[in-house]
Amino acid sequence: MKPLKRTLTAIAAAAALASAAHAAAPMVKSPAPGFFRVMVGDIEVTPISDGTVDLPVDQLLRQKPEQTRSTLEKNFLKLPLETSDNAFLINTGSKLVLVDTGAGALFGPTLGKFVQNLKAAGYQPEQIDEIYVTHMHGDHVGGLARDGKRAFPNAVVRAGKADADFWLSQANMDKAPKEKKGFFQGAMASINPYVQAGKFKAIEGNGELVPGVSAVAEHGHTPGHTTYVVESKGQKLVLIGDLIHVAAVQMDNPQVTIGFDSDEKAAAASRKKVFDDAAKNGWLIGGAHLQFPGLGHLQTQGKGYRWVPVNYTQMR
């Protein structure tokens, strides 16, 4: 073989080897474990993702669909809107308290990831002492039970009495429109295993449930919708449940309600009350459907609010 030919052959072989050595790895296409941590005084709060669900929010929000589509486009969002479903684990130092549980198996494969993310965050379902439900829609209570069994065997579940009276009523389900019956079925399947085990206790008024965590009724989204307030060393976090669903729209226009609201007027009033107080006092808020981890502050801006997400931080 002539020297030049040998040289060219060697270069080609080296190039092929280099190409093989640097071949692209397969795409992973799976998210990092969905949890975050923040301190509220001496209390540790861990937002935990149950996943996301695509929602046709242009058909759900109570404004002209084209208005919603235009606002989403300006915010670099698309339809259907990928919407977070968040739960919050509160470690008071003596109690492990969970606010909401995600959808479990009620909403399909993109949700129902709460337990695996709970374990990734360093906890087991058996460690949960109490579970506080903001309201009994399936994406908040579905994770409570699996195949008729309690997913959190040592936990006491609590929720607003008005929600329990409404969603756990067979009579209410029987007279509900066909398209609404699933809401009742999901609530019953999720809550009744705890009722039957003597592990459910309704919340009948505002006040402290365990040291550092209180319940405050904010009805409207559902008859017994409840927010939960975490307080320690002068710091305050308000877990607002479903007071808001689509931040890109409802922060600027908080009067816009959504078809999931049982009483739209009351839901809008609850949102204004809580948001005004949070903005005035600098409270941290946590929302079930705010983009994960769903934590931030509010500032008043015109007739609405400016949402300021929490800064990323590592626990030290």
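Residues numbered from 1 in each chain as written. Predicted model: local features only at pLDDT ≥ 70, side-chain atom pairs only at ≥ 80, totals over all residues. Heavy atoms only, no water.

A. Region of interest: the sheet that holds strand β10 (residues 207–210). Strands sit in the order β10-β11-β12-β13-β14-β15-β16 across an open sheet of seven strands; the sheet is mixed. In the strand order of this sheet, the two ends are held by β10 and β16 (304–309), each with one partner. When strand polarity is set aside, the average angle formed by the axes of neighbouring strands in this sheet is 35 degrees. Here strand β11 (residues 213–217) runs beside strand β12 (residues 226–232); their pairing, made up of five bridges, is antiparallel. Note that in β12 the partner of Ala215 across the bridge is Tyr228. Contacting β13 (235–241), β14 (284–287), β15 (295–301) and β16, helix α10 (residues 264–281) crosses the sheet at an angle of about 95 degrees to β15. (Pairing = 2+ DSSP bridges. Helix = DSSP H or I, 4+ residues; strand = E, 2+ residues; numbered from the N terminus. Axes fitted to C-alpha atoms, helices over the stretch in contact; angles between N-to-C directions. Contact = heavy atoms within 4.5 Å.)

B. Here's a closer look at the side chain of Thr68. Relative to the helices and strands, Thr68 resides in helix α3 (residues 65–74). Thr68 gets classed as buried once you look at its relative accessible area, which sits at 0%. In this structure, Thr68 is in contact with Val57, Asp58, Leu61, Gln63 and Val249, ignoring residues within four places of it in sequence. (Buried < 20%, exposed > 50% of the residue type's maximum accessible area, 1.4 Å probe, protein only.)

C. Representation of the layout of surface pockets in the model. In this model, the largest pocket occupies a volume close to 760 Å³. If you trace the largest pocket, you find 31 residues lining it, with Leu77, Ala247, Ala248, Leu290 and Gln291 closest to the centre. Elements represented by at least two residues in the lining of the largest pocket include exactly β2 (43–55), β3 (81–91), α9 (247–250) and β16. In this structure, the second largest pocket encloses a volume near 270 Å³. In terms of lining residues, the second largest pocket is bounded by 14 residues, among which Pro31, Ala32, Ser49, Gly51 and Lys113 are the most central. Among the elements of the structure, β2, β3 and α4 (114–120) are those that each provide at least two residues to the lining of the second largest pocket. With three residues, β2 is the largest single contributor of residues to the lining of the second largest pocket. (1 Å grid on protein atoms, 1.4 Å probe; cavity = no way out; pocket = protein on both sides within 12 Å on 5 of 7 lines; lining within 4 Å. Points joined across faces, edges and corners; volume = space filled by probe spheres on them.)

D. Molecular detail of the nonpolar core. Grouped together as the largest cluster of nonpolar side chains are 28 residues, with contacts concentrated most on Ile131, Met136, Leu144 and Phe152. Breaking this core down by element, the ones donating at least two residues are β3, β4 (96–99), α4, β5 (130–133), β8 (156–160), α6 (161–167) and α8 (181–196). The leading source of residues in this core is α8, at five residues. Residues within four places of Ile131 in sequence aside, it is in contact with Leu98, Thr101, Leu144, Phe152, Ala155, Val156, Val157 and Arg158. By size, the runner-up hydrophobic cluster in this structure holds 21 residues, among which are Val45, Val99, Ala215 and Leu239. (Core = buried A, V, L, I, M, F, W, Y, C linked by side-chain atoms within 4.5 Å.)

E. View of the sheet that holds β3. Taken together, seven strands build an open sheet; the order of strands is β1-β2-β3-β4-β5-β8-β9 and the sheet is mixed. The outermost strands of the open sheet, each flanked by one partner alone, are β1 (38–40) and β9 (200–203). Averaged over neighbouring strand pairs, the angle between their axes works out to 25 degrees when direction is ignored. Bridge analysis of β3 against β4 gives four bridges, and the strand direction is antiparallel. Across the sheet, the residue bridging to Leu89 is Leu98, located in β4.

F. Focus on α10. For α10, which comprises 18 residues, the first-to-last C-alpha distance of 26 Å matches the rise-based estimate of 26 Å (1.5 Å per residue) to within 8%. Turning to α10, its buried residues number three or more, namely Ala267, Ala268, Ser270, Arg271, Val274, Phe275, Ala278 and Ala279. Here the buried residues of α10 occupy an arc of 160 degrees about the axis, which is enough to place them on one side. Those residues of α10 that are exposed and angled more than 90 degrees off the buried face are Lys265 and Lys280. In this structure, the buried side of α10 is in contact with β13, α9, β14, β15 and β16. (Expected span 1.5 Å × (residues − 1). Arc of directions from axis to C-beta.)

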